[in-house]
Amino acid sequence: LCGATGPIDADETSKPYCSNIFGSNRQSKNNGSLKITYDTEYGTFASVSAYNKISDKYQADNFPYVSDSGSPGALTQKYRIDNKAFTQELRFNSVASKTFNWMAGVYFLDADRRFTQEQGQDLVGAILPTLTPDLPGSANPTTNFFDTEYATKNTAVFANAQYRPIESFEIG
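Quick summary incoming for the structure in this document. This is a predicted model, so every value here is computed, not measured.

Turning our attention to the pattern of salt bridges. What the rule picks out here adds up to six salt bridges. The salt bridge partner of lysine 78 is glutamate 118, with a shortest N-O separation of 3.4 Å. One end of the pair, lysine 78, is in strand β3 (residues 75–94); the other, glutamate 118, is in strand β4 (residues 100–121), and 40 residues separate them in sequence. With respect to class, lysine 78 is no different from glutamate 118; both count as buried. For arginine 114, the salt bridge goes to aspartate 147, with nearest N and O atoms at 2.5 Å. Taken together, the residues arginine 114 in strand β4 and aspartate 147 in strand β5 (residues 142–166) connect sequence positions 33 residues apart. In the salt-bridge network here, residues are joined through shared partners; they are Lys78, Glu118 and Asp134.

What follows concerns the packing of aromatic side chains. One pass over the structure, following the stated rule, counts three aromatic pairs. Three or more aromatic residues joined by ring pairs make a cluster, and in this case those are Tyr58, Tyr79 and Phe115.

When you line up the elements, alanine 10 lands in the segment before β1 (24–39). Between the C-alpha atoms of alanine 10 and phenylalanine 145, which are 135 residues apart in sequence, the distance is 26 Å.

Attention now goes to the side chain of serine 55. Tracing the backbone shows serine 55 in strand β2 (residues 43–61). A residue is classified by how much of its surface remains accessible, and serine 55, at 13% relative accessible area, is buried. Within the local environment of serine 55, its side chain forms a polar contact with the side chain of aspartate 82, the two groups lying 2.6 Å apart. The residues contacting serine 55, other than those within four sequence positions of it, are Arg26, Gln27, Ser28, Ile81 and Asp82.

The next subject is empty space enclosed by the protein. Leftover empty space is mapped by rolling, across the atoms, a probe with the size of a water molecule. Throughout the structure, instances matching the rule amount to one cavity of 30 Å³ or more. For the largest cavity, the full set of lining residues is Lys78, Arg80, Thr116, Gln117, Glu118, Thr130 and Leu131. Of all elements in the fold, only β3 and β4 reach the threshold of two or more residues within the lining of the largest cavity. Looking at the lining of the largest cavity, its residues break down into one nonpolar, three polar and three charged.

The rules behind the values
Residues numbered from 1 in each chain as written. Predicted model: local features only at pLDDT ≥ 70, side-chain atom pairs only at ≥ 80, totals over all residues. Heavy atoms only, no water. Salt bridge = Lys/Arg side-chain N within 4 Å of Asp/Glu carboxyl O. Helix = DSSP H or I, 4+ residues; strand = E, 2+ residues; numbered from the N terminus. Buried < 20%, exposed > 50% of the residue type's maximum accessible area, 1.4 Å probe, protein only. Phe/Tyr/Trp six-rings, centres within 6.5 Å; stacked < 30°, edge-to-face > 60°. Polar contact = N/O pair within 3.5 Å; in protein donor to acceptor, adjacent residues only side chain to side chain. Contact = heavy atoms within 4.5 Å. 1 Å grid on protein atoms, 1.4 Å probe; cavity = no way out; pocket = protein on both sides within 12 Å on 5 of 7 lines; lining within 4 Å. Points joined across faces, edges and corners; volume = space filled by probe spheres on them. Nonpolar A, V, L, I, M, F, W, Y, C, P; charged D, E, K, R; others polar.

See the structure below:
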């Protein structure tokens, strides 16, 4: 049996999940990193670079997940999430010593995120594949639309030192 038969009860789980709309979920994930080290007479220089890009695009019927196309309140949902990030770390480690070791560096992050959320009227059991609001009179007119972008840049300087005056004692 597919359809609401009374008030919606979040604790009622015996009814089957059904939808008159085929959902979809397309994901794309790309990333890479590169580490380069260079030894000197004073220590080791290291550079670690990384890039990450994730796109997630999905759409489906909306709550209460029943075969209700054309009914008042019947809705669809679409989400588009795009993330990009670049990180860079530069670090210098001193030559290993039994009494004193140190390390210093800097870290950088540049990230962007775009999140688009759309709900539309379920008039014909289909979701339009658009990335912008759908006009009244279309097969899936938009009822709510949010498109937000976030940009983040962070930088951190770090250092560490260890002093070991005798073999069984360490400060750091």
